[in-house]
Protein chains: 4
Amino acid sequence: MSKVKFAVAGLGRIGKIHLDNLLQMDHVEVVAVMDPMEECRKYAHERKIPHIVNTYEELLVVAPFDSVVICSPTDTHADYVEMAAKAGIHVFCEKPLDLSMQRVVEVLKVVKETNIKLMLGFNRRFDKEFRKVHNLVKEGAVGQPHLVKITSRDPGAPPVSYIKQSGGLFLDMTIHDFDMARFVVGKEVDEVYAKGAVLVDPAIGEAGDIDTAVVTLTYTDGTMAVIDNSREAAYGYDQRLEVFGSKGMAQADNNYEDSHRLYTNKGILGSLPLHFFLERYAAAYRSEMASYVASLKNGDAMAVDGTDGLRSLQIGLAAIKSLKEKRPVKIAEIGN
Amino acid sequence: MSKVKFAVAGLGRIGKIHLDNLLQMDHVEVVAVMDPMEECRKYAHERKIPHIVNTYEELLVVAPFDSVVICSPTDTHADYVEMAAKAGIHVFCEKPLDLSMQRVVEVLKVVKETNIKLMLGFNRRFDKEFRKVHNLVKEGAVGQPHLVKITSRDPGAPPVSYIKQSGGLFLDMTIHDFDMARFVVGKEVDEVYAKGAVLVDPAIGEAGDIDTAVVTLTYTDGTMAVIDNSREAAYGYDQRLEVFGSKGMAQADNNYEDSHRLYTNKGILGSLPLHFFLERYAAAYRSEMASYVASLKNGDAMAVDGTDGLRSLQIGLAAIKSLKEKRPVKIAEIGN
Amino acid sequence: MSKVKFAVAGLGRIGKIHLDNLLQMDHVEVVAVMDPMEECRKYAHERKIPHIVNTYEELLVVAPFDSVVICSPTDTHADYVEMAAKAGIHVFCEKPLDLSMQRVVEVLKVVKETNIKLMLGFNRRFDKEFRKVHNLVKEGAVGQPHLVKITSRDPGAPPVSYIKQSGGLFLDMTIHDFDMARFVVGKEVDEVYAKGAVLVDPAIGEAGDIDTAVVTLTYTDGTMAVIDNSREAAYGYDQRLEVFGSKGMAQADNNYEDSHRLYTNKGILGSLPLHFFLERYAAAYRSEMASYVASLKNGDAMAVDGTDGLRSLQIGLAAIKSLKEKRPVKIAEIGN
Amino acid sequence: MSKVKFAVAGLGRIGKIHLDNLLQMDHVEVVAVMDPMEECRKYAHERKIPHIVNTYEELLVVAPFDSVVICSPTDTHADYVEMAAKAGIHVFCEKPLDLSMQRVVEVLKVVKETNIKLMLGFNRRFDKEFRKVHNLVKEGAVGQPHLVKITSRDPGAPPVSYIKQSGGLFLDMTIHDFDMARFVVGKEVDEVYAKGAVLVDPAIGEAGDIDTAVVTLTYTDGTMAVIDNSREAAYGYDQRLEVFGSKGMAQADNNYEDSHRLYTNKGILGSLPLHFFLERYAAAYRSEMASYVASLKNGDAMAVDGTDGLRSLQIGLAAIKSLKEKRPVKIAEIGN
């Protein structure tokens, strides 16, 4: 069986993960890597990647390959996807495609015209805990969903310099939860009400962002979801999900370093959560890439496609508008 | 030590609980009971209550007592409290005092003028799980509170006839959660956004009420709380609480029939929750009445006073207005 | 319906519990109490018990009653049961009947001849956690039982003066676990191997007892049980049960003060266990007495009868012999 | 930095795991693999191992390497270790070294004389759950250990043909638990009492083995441990550990497929355990091999050495003797 040839564009934290996962897969060959940073290029050298280049333009011509994995900064995603599409190369792109609805719509148009495959990196869909809840809901185990609850808290806020370029809490962090809200019940969101505050670090507020939020989503059929976010949970990364429906409730708990318990006269003590997304979602990143590769090989529909990116962005933009205008905002107000 | 003399007005489900708890307390004597129903009067007879009467007017004169416990229908609360106050009798009154802000303000004025003690029956404050979280928050164990999450779901909806007279979901059911939101962090609520739906039973919608809700509260300092309610949880009564703050998180889990686990090739099975409030809050009702009696005897401030009733009603009315007007509503809009 | 008339002999910790539980039951009347201690007699006075006497002889004649509840010191049990039996009075007796097999056999002979009802106070059979496991085993939920595990640890050792008169760890503490081993699977024990050590307090060893033990029981069909005991668990009372069988496993967990969790950067902290047997088994004591009263009224077989006491004592004596002789001991070696 | 050169002898289930783990490690190079089976040789071919041979004799000369990983059948272990030692090659050997004490003593003598490094594959020491308990005990978190409880149950019995050659339950399965008993508290065992039964499958009994066991170990200082084993747990692989001491208790729970909970009117349902040792200990196998490689490179003492293998075998042989002679057996009776 012939191997699928890959290139990886961008070898930051996520790029390294995707590269290493690809290198461990059967029937996959990574022929080229692009990154302008010396440290990243060294990382690729150690893994004996045949071609290592500085720019995306070079990457596209250095050797033939079937698919590119785009892990470069967000503001390059749209251009890089378009360039790959026009070269007939399939794309796995980290979320988000872009922070502008208009630009995303343009890119998806090119993707459609060139008939390439595009998958977006909403890795949490591949987490075994969330997937189990998704599957239970899909099988009808909770009946008709009525309430969805998503808790998503980071162990610590990123630098303010990062926050300034991130698109803000809703597009940088909550966008994963918006995607999860759609994924777990398979319904579209109709309205958003977002409430936010600066409770963790005033510097985040000075940078024009918030660090704590509660967002209420209403689906088109009246079902409601509520997301709570914080940039800093003292006890570590916190990722939980609950779907309540007419026949019951399914919950995914957070994941912990281990399940030990220590009983002393002070109480019962257990371990902290797995530190952050790299630890919590290590297996999810592997499953995600395996899903992409399998869909490429089998010609199946992508598990997360361009429309999924578009919808999450819409919800995020509606949340921003809601926060600013202090009122519930219909998704239709955002347009597409 | 002389005994505190009590009368109980109304021997429905809650009245019976309070009566039995009083009968088991040292230094307490129940001298009279009022209920128009034959079955309830029989219940009092079996417990050898000296005076058993049909009307509140009779009760107030049948024998001297120090305090009355009012468990009659909601629409009698305000009048009964006023009558007791004017007779110099201390009052424990089931929530709510009244569904009208104006009437509550009037009653509290009389309470103040007559200088009687008034305690309101927000029993959940005495639940050991919630009290533990309250105490941890108060001790600073979670630091400065940022997010409060309250889940409150009933095992089944009451008859539509009840719902019609209940004041609606927010004043009948969520009002407990509004009180908990204030209690657990000791802060006042500034703004309410309520989203509701009829997902359990269309008949509830036809009666002008909702059966499922998500309510976002914002405290005056920016802290946020979110409450989710359902009139019907297939797996039973569900009462949970979480406070997330700058230093950590405290959670109170739901309570279950027992903690057994059965492991088979089908999975791991555990018991359902305690059926409903009578079971879940049995100990809380005892602690509540013990707190009232102790405050009476020691001349301490009441653990739940008239203002607590007033504030919860305000939040409830703001939630109703928010649901109707589809926008966040400031508490100040409700007035008092 | 006529009331069942009771007397209570001995108002120590357990006697008070049984008295108060009887006072709260319908169709029960406590007509007399016996205790030589002033403090205990005062306790009975406050509860308005009609007859309060100093000696068991007085008790038996002070007033007519149907049943006596014997909570006096262990060395009086056998005599008191015999005396009641000969007076035609039914007996609820705290465990053990006696520490001598011969004496127990004698007493049971009298019980049989006089045709009175006798129930023994193995309260743990009425604990909701253990009963649930018992019921699951009985229903076949775990299939054919293969392994039973019982953990039973006290929060602290009793005074050495108590230990000296207690009959030793196996007859004082483990005897509850021996009964549980028989109860939970409904099988008889054939062989005992006991291993013990003095690890908590050398003074216990000097008193001729042990404070830590592992006892392996083999049932007549080859099924095995293992009990582990300690006189002092730093984290508090620890009572757990597990039955493993051909189709699965049923577990009863220990019980805790509450189910809260506190998450901080130090880990996740939960509450300690309920302090000791008075707290852990409060509801079990109520159910136990209710079962006794119901059996009396309905003429049903007792839930825990004299044979149950005899068998547990046999196992305990076999354990003592095994520890001393450092070898497995057959129950048949103990005789009866 | 120069790479450590490895050969792998035997590519069965465990050999494949070790090979793949070695292939993913930095500074490691696998130069040769030995297996007589075509399927296994193909597995090595796909991984581009330079030398693939049929016999151990060929392996030792096909290319120079620093260490061999021995995963061939148990009856070859002793010879293979000796041959490697005499060739100056370090050895990682799957447990057990041999089923005969005399042979193990001989091999360890050769290991000592040739001054090679030897590590034994007691993988469970590297499981994060058990290691956490080990570390807590070592740090003194539970004080002085008094009781150790180990539960170890397989999801299903192996074929009777395997059992016949396995050395029996105690040397094949419980030996891991014997090692854990020594490891978790860092003490030596002095006495063994083993009780066993055939409760799962009569064919196992006909083959001269047992399928269910309870083994009590006494350490030299009086501390006790109890192990319970079954060849077939209907709900799957069950691996738990508990250490109770003067200051508290540390527990390691079993590991599950995920932590979801499904709440319906039937109860609360959770996932089954991870299927078997390949799943449960996947990460432990990686850590184990990383520990071996690190010790080789740094010249550190091995985490599990030849004496560890010897001691576990001794306990196993004592258990067999105890079962046969129906009495507690001192380790000293086994000799070494």
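Being a predicted model, the structure only gives us computed values, none of them experimental.

Side note on the overall build of chain A
When helices and strands are tallied, chain A shows 13 helices and 15 strands. The C-alpha atoms of chain A give a radius of gyration of 20 Å, which matches the 20 Å a tight globule of 336 residues would have. Counting only C-alpha atoms, chain A reaches 55 × 55 × 45 Å along its principal axes. Of all 336 residues assigned to chain A, the portion counted as buried reaches 61%. For chain A, the share of sequence-separated contacts (at least 6 apart) that also reach a separation of at least 24 residues comes to 69%. Here chain A has roughly 12,600 Å² of accessible surface; of this, 50% comes from carbon and sulfur atoms. Put simply, chain A has 40 plus and 46 minus side-chain charges, and the middle of one group is 3 Å from the middle of the other.

Description of the pairing of strand β14 (residues 267-270) of chain A
When strand β13 (residues 261-264) of chain A meets β14(A), the two strands line up antiparallel, connected through 4 bridges. Residue Leu262(A) lies in a different strand from β14(A), and its bridge partner there is Leu269(A). Of the pairings in the sheet, the one linking β14(A) to strand β14 (residues 267-270) of chain C comprises 3 bridges and is antiparallel in character. In the strand pairing of β14(C), Leu269(A) is matched with Leu269(C).

So, the relation of the copies chain A and chain B
Each copy of the sequence occupies a distinct position, and chain A is placed on chain B by a rotation of 180 degrees and an axial shift of 0.0 Å, giving an RMSD of 0.0 Å. Those values place the two copies in the arrangement expected of a two-fold rotation axis. Taking C-alpha positions as reference, the residue of chain A nearest the rotation axis is Arg327(A), located at 2.8 Å. A high fraction, 100%, of the interface residues of chain A reappear at the interface in chain B, so the copies pair face to face through one surface.

Regarding the UniProt feature "domain: GFO/IDH/MocA-like oxidoreductase" (unreviewed entry) in chain A
Under the present numbering, the feature "domain: GFO/IDH/MocA-like oxidoreductase" (unreviewed entry) in UniProt falls on residues 130-250 of chain A. Helix makes up 30% of residues 130-250 of chain A and strand 36%, and the two end C-alpha atoms of the span are 10 Å apart.

Details of the packing of helix α1 (residues 13-23) of chain B against helix α12 (residues 282-298) of chain B
In a pair of packed helices, the angle between the axes and the distance between the axes together describe the arrangement. All names here are of chain B. At a minimum axis distance of 10 Å, the contact between α1 and α12 shows a crossing angle of 60 degrees. Viewed along their axes, α1 and α12 adopt a mutual orientation that is oblique. For α1 against α12, the interelement crossing comes out right-handed. Where α1 approaches α12, its residues Ile14, Ile17, His18, Asn21 and Leu22 are matched on the opposing element by Tyr285, Arg286, Glu288, Met289 and Val293.

A closer look at the UniProt feature "domain: Gfo/Idh/MocA-like oxidoreductase N-terminal" (unreviewed entry) in chain A
Here, the residues flagged by UniProt with the feature "domain: Gfo/Idh/MocA-like oxidoreductase N-terminal" (unreviewed entry) are residues 5-122 of chain A. In residues 5-122 of chain A, the share of helix is 46% and the share of strand is 22%. The end C-alpha atoms are 22 Å apart.

As for the confidence of the model for chain A
Considering every residue of chain A, the mean pLDDT works out to 96; 99% of them sit at 70 or more. Across the predicted assembly, pTM comes out at 0.96 and ipTM at 0.95.

Here we look at the environment of Ser100(A)
Residue and element names in this part refer to chain A. On the secondary structure map, Ser100 appears in the loop between β5 (90-93) and α5 (101-114). The exposure class of Ser100 is partly exposed, given its relative accessible area of 29%. Each C-alpha atom of the pair Ser100 and Ala318 lies 12 Å from the other, and the pair is 218 residues apart in sequence. Within the structure, the side chain of Ser100 is placed 3.3 Å from the backbone nitrogen of Gln102, a separation counted as a polar contact. There is a polar contact of 3.0 Å between the side chain of Ser100 and the backbone nitrogen of Arg103.

Examining the sheet that holds strand β1 (residues 4-9) of chain D
Residues and elements named next belong to chain D. Strand order in the open sheet formed by 6 strands is β3-β2-β1-β4-β5-β6, and the pairing between neighbours is parallel. Taken across any chain shown, the strands that pair with only one partner, and hence form the sheet edges, are β3 (51-53) and β6 (118-120). Direction aside, the axes of adjacent strands within the sheet are offset by 20 degrees on average. Here 4 bridges tie β1 to strand β4 (residues 67-70), and the two strands are oriented parallel to one another. Each residue of the ladder has a partner; that of Phe6, found in β4, is Ser67.

Points about the interface of chain A and chain B
Contacts between the two partners involve 41 residues from chain A and, on the opposite side, 41 residues from chain B. With both chains or domains summed, chain A and chain B bury close to 3,000 Å², and 67% of this area falls on carbon and sulfur atoms. Inspection of the chain A/chain B interface yields 8 salt bridges. Across the salt bridge formed by Arg240(B) and Glu242(A), the nearest N and O atoms sit 2.9 Å from each other. Taken together, the connections running from chain A to chain B amount to 15 residue pairs in polar contact (both at pLDDT 80 or more). Residues belonging to the side of chain A that touches chain B are distributed by class as follows: 15 nonpolar, 13 polar and 13 charged.

Re the domain arrangement of chain A
Quoted interface sizes are often the accessible area lost when the parts come together. Residue and element names in this part refer to chain A. Split into domains, chain A comes out as domain 1 (4-116) and domain 2 (125-281 + 311-333). When each unit is reduced to the centre of its C-alpha atoms, the spacing between domain 1 and domain 2 is 28 Å. Between domain 1 and domain 2, the contact holds 9 residues from the first and 11 residues from the second. With both chains or domains summed, domain 1 and domain 2 bury close to 830 Å², and 78% of this area falls on carbon and sulfur atoms. Here domain 1 is connected to domain 2 by 0 salt bridges. Counting the contacts that link domain 1 with domain 2 gives 1 residue pair in polar contact (both at pLDDT 80 or more).

Some remarks on unusual backbone geometry
The step from Lys95(B) to Pro96(B) runs through a cis peptide bond, and the omega angle for that step is -10 degrees. By the element assignment, Pro96(B) lies in the loop between β5 (90-93) and α5 (101-114). Phi at Lys326(A) takes a positive value of approximately 55 degrees, unusual for a residue other than glycine. Looking at where Lys326(A) falls in the secondary structure, it is placed in the loop between α13 (306-325) and β15 (329-330). Taking the relative accessible area as the measure of exposure, Lys326(A) reaches 60% and is therefore exposed. A positive phi angle, close to 60 degrees, is found at Lys48(C), a residue other than glycine. Inspection of the secondary structure puts Lys48(C) in the loop between α2 (38-46) and β3 (51-53).

A few points about the environment of Met302(B)
Residues and elements named next belong to chain B. With respect to the helices, strands and loops of the structure, Met302 is situated in the loop between α12 and α13 (306-325). A residue is classified by how much of its surface remains accessible, and Met302, at 12% relative accessible area, is buried. Along the primary structure Met302 and Leu147 are separated by 155 residues, whereas in three dimensions their C-alpha atoms are 27 Å apart. When residues no more than four places from it in sequence are discounted, the contact partners of Met302 are Lys117, Leu118, Met119, Tyr292, Ser295 and Leu296.

With respect to the sheet that holds strand β3 (residues 51-53) of chain B
Residue and element names in this part refer to chain B. Strands sit in the order β3-β2-β1-β4-β5-β6 across an open sheet of 6 strands; the sheet is parallel. Looking along the sheet, the strands with just one partner apiece sit at the ends: β3 and β6 (118-120). The mean inter-strand angle of the sheet, taken between neighbouring strand axes irrespective of direction, is 20 degrees. Relative to β5, strand β4 (residues 67-70) is paired through 4 bridges, and the arrangement is parallel. The partner of Val69 across the bridge, within β5, is Phe92.

Conventions we followed
- Residues numbered from 1 in each chain as written.
- Chains lettered and ligands numbered in written order.
- Predicted model: local features only at pLDDT ≥ 70, side-chain atom pairs only at ≥ 80, totals over all residues.
- Heavy atoms only, no water.
- Helix = DSSP H or I, 4+ residues; strand = E, 2+ residues; numbered from the N terminus.
- Rg over C-alpha atoms; globule rule 2.2 N^0.38 Å.
- Buried < 20%, exposed > 50% of the residue type's maximum accessible area, 1.4 Å probe, protein only.
- Contact = heavy atoms within 4.5 Å.
- Areas by Shrake-Rupley, 256 points an atom, 1.4 Å probe, with all protein chains shown as cover.
- Lys, Arg positive; Asp, Glu negative; His and termini not counted.
- Charge placed at Lys NZ, Arg CZ, Asp CG, Glu CD.
- Pairing = 2+ DSSP bridges.
- Least-squares fit on C-alpha atoms with pLDDT ≥ 70 in both.
- UniProt positions renumbered as here; feature names shortened; annotations may be inferred.
- Axes fitted to C-alpha atoms, helices over the stretch in contact; angles between N-to-C directions.
- Parallel < 35°, antiparallel > 145°, perpendicular 65-115°, else oblique.
- Left-handed = near helix turned anticlockwise from the far one by under 90°.
- pLDDT = per-residue confidence, 0-100.
- Polar contact = N/O pair within 3.5 Å; in protein donor to acceptor, adjacent residues only side chain to side chain.
- Buried area = accessible area lost by both parts, 1.4 Å probe.
- Salt bridge = Lys/Arg side-chain N within 4 Å of Asp/Glu carboxyl O.
- Nonpolar A, V, L, I, M, F, W, Y, C, P; charged D, E, K, R; others polar.
- Domains from an automatic or database assignment.

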